[in-house]
Amino acid sequence: YLFIHCNFSLLQKSQPTHRISHYKLSTTTGILRRHLANIHLDHWIPACDQLKITIGRSAEINSLIDAHREKHNENPTAKASPKRQPFSKEAFVEALVDWVVSDDQSINVIENEKLRSLFLMLREDLTDEDIPHRTQLRNKIMETWDNHLNRLRDELTVSTLF
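Owing to the predicted nature of the structure, the values given are computational and were not obtained by experimental measurement.

(A) Representation of the overall build of the protein chain in the model. Helix and strand counts for the protein chain stand at seven helices and two strands. Ordered by position from the N terminus, the helices and strands of the protein chain form the series β-α-β-α-α-α-α-α-α. Within the span of the protein chain, comprising 162 residues, buried residues form 25% of the whole. Contacts spanning at least 24 positions in sequence make up 43% of the contacts within the protein chain whose residues lie at least 6 apart. Looking at the protein chain as shown, the accessible area adds up to about 12200 Å², and 55% of this sits on carbon and sulfur atoms.

Below, the structure written as structure tokens:
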């Protein structure tokens, strides 16, 4: 089997009591987030803040993150108002991708009739054809993933030159 090793655990391997965590490639992001929240919270949150990475949040880890932020005199993120972006059909699809990926939603959730009706109710000029179906959403997620990997590859290439 191929395994994922926790980088935070590898950094702490000099501590004799710290056990390095290994996960299968098929491990869900929820389990990985739970590991980071329970074991590496003091390192994980500042690292994400520094890299401007939004932590996908579940009810399970909300209180841990809020307690950490309060302990360090930071505003709890759960109480922050979401930033309203101007509507466009492209921004709508990008927001759907972000929600599905960051909240570990099933891609199939987009086929839910009640959810699609809710979207249509919120925007008069939105049509059902504007809401992607699971195949379109999957393709957009993969396109976004490929773009992120290409950017990361370019950044790593530049960093190795210096």
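(B) Examining the packing of aromatic side chains more closely. Applying the stated criterion to the full structure yields two aromatic pairs. A centroid spacing of 6.1 Å and a plane angle of 45 degrees characterise the contact between Phe 87 and Phe 92, whose relative ring orientation is tilted. For Phe 87, a relative accessible area of 31% puts it in the partly exposed group. Taking 5.1 Å as the distance between ring centres and 85 degrees as the angle between the ring planes, the aromatic pair formed by Phe 92 and Phe 119 counts as edge-to-face. Pair noted here: Phe 92 is in helix α5 (residues 89–102) and Phe 119 is in helix α6 (residues 113–122), with a separation of 27 residues, a long-range link. Overall, the relative accessible area of 11% leaves Phe 92 in the buried class. Given the relative accessible area of 13%, Phe 119 is considered buried.

(C) A nonpolar patch on the surface, seen in detail. On the surface, Met 142, Trp 145, Leu 149, Leu 152 and Leu 156 cluster together into a nonpolar patch covering about 480 Å² of accessible area. Relative to the elements of secondary structure, Met 142 occurs in helix α7 (residues 134–161). You can call Met 142 partly exposed: its relative accessible area is 36%.

(D) Layout of the pattern of salt bridges. Inspection of the entire model under this criterion finds four salt bridges. One salt bridge connects Asp 128 with Arg 116, and the closest N-O pair in it is separated by 3.0 Å. One end of the pair, Asp 128, is in the loop between α6 and α7; the other, Arg 116, is in helix α6, with 12 residues separating them in the sequence. Judged by its relative accessible area of 30%, Asp 128 falls in the partly exposed class. Residues Glu 143 and Lys 140 are paired through a salt bridge, measuring 3.5 Å at the closest nitrogen-oxygen approach. Here Lys 140 and Glu 143 lie together in helix α7, a separation of three residues that amounts to about one turn. Using a relative accessible area of 22% as the deciding quantity, one classes Lys 140 as partly exposed.

(E) Main features of α5. Here α5 is 14 residues long and its end C-alpha atoms lie 20 Å apart, about the 20 Å a rise of 1.5 Å per residue gives. Of the residues flanking the end of α5, it is Asp 104, one or two places downstream, whose phi is positive at about 55 degrees.

(F) View of α6. Restricting attention to buried positions, one finds in α6 the residues Leu 115, Arg 116 and Phe 119. Angularly, the buried residues of α6 cover 100 degrees about the axis, an arc narrow enough to put them on a single face. Exposed positions of α6 whose direction lies more than 90 degrees from the buried face are Glu 113, Lys 114 and Met 121. Tucked into the core, α6 has its buried residues touching α5.

(G) Structural detail: the side chain of His 68. Tracing the backbone shows His 68 in helix α4 (residues 59–71). Accessibility expressed as a relative area gives 5% for His 68, which makes it buried. Non-local contacts of His 68, meaning those with residues more than four positions away in its chain, are made with Leu 41, Asp 42, Ile 45 and Pro 46.

Criteria and cut-off values
Residues numbered from 1 in each chain as written. Predicted model: local features only at pLDDT ≥ 70, side-chain atom pairs only at ≥ 80, totals over all residues. Heavy atoms only, no water. Helix = DSSP H or I, 4+ residues; strand = E, 2+ residues; numbered from the N terminus. Buried < 20%, exposed > 50% of the residue type's maximum accessible area, 1.4 Å probe, protein only. Contact = heavy atoms within 4.5 Å. Areas by Shrake-Rupley, 256 points an atom, 1.4 Å probe, with all protein chains shown as cover. Phe/Tyr/Trp six-rings, centres within 6.5 Å; stacked < 30°, edge-to-face > 60°. Patch = residues over 30% accessible without salt bridge, like charges linked within 9 Å, V, L, I, M, F, W, Y side chains within 5 Å. Salt bridge = Lys/Arg side-chain N within 4 Å of Asp/Glu carboxyl O. Expected span 1.5 Å × (residues − 1). Arc of directions from axis to C-beta.

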